Structure formats: structure tokens, C-alpha cells
Amino acid sequence: MQKPAPPVPREHLLSASEIERWNSAAEAGGLEAALLHLLHLHNQSSLLLREQIEKAKKEAIKSGRRVSGLLVDAVNGGVQECFINQKRIEGEIRSLASTFMRFSKQTDQWLAASHSINTAVKEIGDFENWMKTMEFDCSSISAAIHNIHEA
């Protein structure tokens, strides 16, 4: 099945006055004048069609550039937002790292202090035990001297 021919655009149709001029040229000056007139009309319509195509092409390029610019702006806006968020996150990471280091140093200081206290308590306990031993030894010696003195 064959597709029907597309309709001829209105600017390509000859007006009634042009048809009459063509007929009168064919009658008056002959076929050659009519063909020259027809060639002239064809050149004019070709020129008009080229101008319209060029205008449409320029508009299409302009629209394409505008759409391209809008798309780039839309994508760049998202990328820029991601970049800003990444910078914020990196800043927070640095802040958390410094806070962690501070807490780590503080914990090490507390651990050293508690170890020192624990050592001191052990030494006090050892000293107290030594004192009790010395007290017992002194009381034993005192009792022995007292027994010797009484005897």
C-alpha cells in the first residue's frame, strides 16, 4: 500500500493572479516566457524555503543551547550541593577526630592517676602490714626484756 503524498504547503501553491499571469505569458510571449516565469517563481520559493529552514535551524540551535545550559545548571546545582555537603562532613570528621584525641588523652590521664592511686594504696597497705609486724616484734622484744629483767 502506498502512502498518500503530503499536502503541498500554502506558499508553494500559485495564487489565482500568478496562474493568470502565467497563462497570459504563455499566450503573449510564448512558452519560453512562461517557463522563465515559472523558473523565477521556483527560485523565489526555493529561496524563501531556504530562509525558513535556516531560521528554523538557528531557532533549533538556540533552543538546544538553552536546554543544554539548563540541564548543565540543574546537574551542576546537584553536584555543587553534594560538594558543599562533603566539605561539611569532612569538617565534622576533623572536629570529631580532634574531640576523640582530646578524650583519649583525658582517659589516659585518668588511667595513669588511678594506677598511681592504686599503687599508693598498695604501698600504704604494705607499710601498715610492716608497721604491725614491727609492732609485734617490738612488743615481743619488750616482753622478752621485761621477762629477763624480772627474772
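Just so we're clear, the structure is a prediction, and the values are computed from it rather than from any experiment.

### Points about the overall build of the protein chain
- Within the protein chain, the secondary structure is distributed over two helices and zero strands.
- Of the accessible surface of the protein chain, which amounts to about 13700 Å², a share of 64% is contributed by carbon and sulfur atoms.

### Some words on a nonpolar patch on the surface
- On the surface, Phe127, Trp130, Met131 and Met134 cluster together into a nonpolar patch covering about 410 Å² of accessible area.
- Here Phe127 shows up in helix 2 (residues 31-150).

### Digging into the packing of aromatic side chains
- Per the counting criterion, the structure on display carries one aromatic pair.
- The aromatic ring of Phe103 is capped on one face by Arg102, whose charged end is 5.9 Å from the ring centroid.

### Things to note about the pattern of salt bridges
- What the rule picks out here adds up to two salt bridges.
- A salt bridge links Lys87 to Glu90, with the nearest nitrogen and oxygen atoms 3.9 Å apart. One end of the pair is Lys87 and the other is Glu90, both in helix 2 and three residues apart, which spans about a single turn.
- We classify Glu90 as partly exposed; its relative accessible area is 27%.
- Its salt-bridge partner being Glu128, residue Lys132 comes within 3.9 Å of it at the nearest N-O pair. Of this pair, Lys132 and Glu128 are both found in helix 2, four residues apart, which corresponds to roughly one turn of the helix.
- Judged by relative accessible area, Lys132 falls into the exposed class, the value being 51%.

Conventions we followed
Residues numbered from 1 in each chain as written. Predicted model: local features only at pLDDT ≥ 70, side-chain atom pairs only at ≥ 80, totals over all residues. Heavy atoms only, no water. Helix = DSSP H or I, 4+ residues; strand = E, 2+ residues; numbered from the N terminus. Areas by Shrake-Rupley, 256 points an atom, 1.4 Å probe, with all protein chains shown as cover. Patch = residues over 30% accessible without salt bridge, like charges linked within 9 Å, V, L, I, M, F, W, Y side chains within 5 Å. Salt bridge = Lys/Arg side-chain N within 4 Å of Asp/Glu carboxyl O. Phe/Tyr/Trp six-rings, centres within 6.5 Å; stacked < 30°, edge-to-face > 60°. Lys NZ or Arg CZ within 6 Å of the ring centre and 35° of its normal. Buried < 20%, exposed > 50% of the residue type's maximum accessible area, 1.4 Å probe, protein only.

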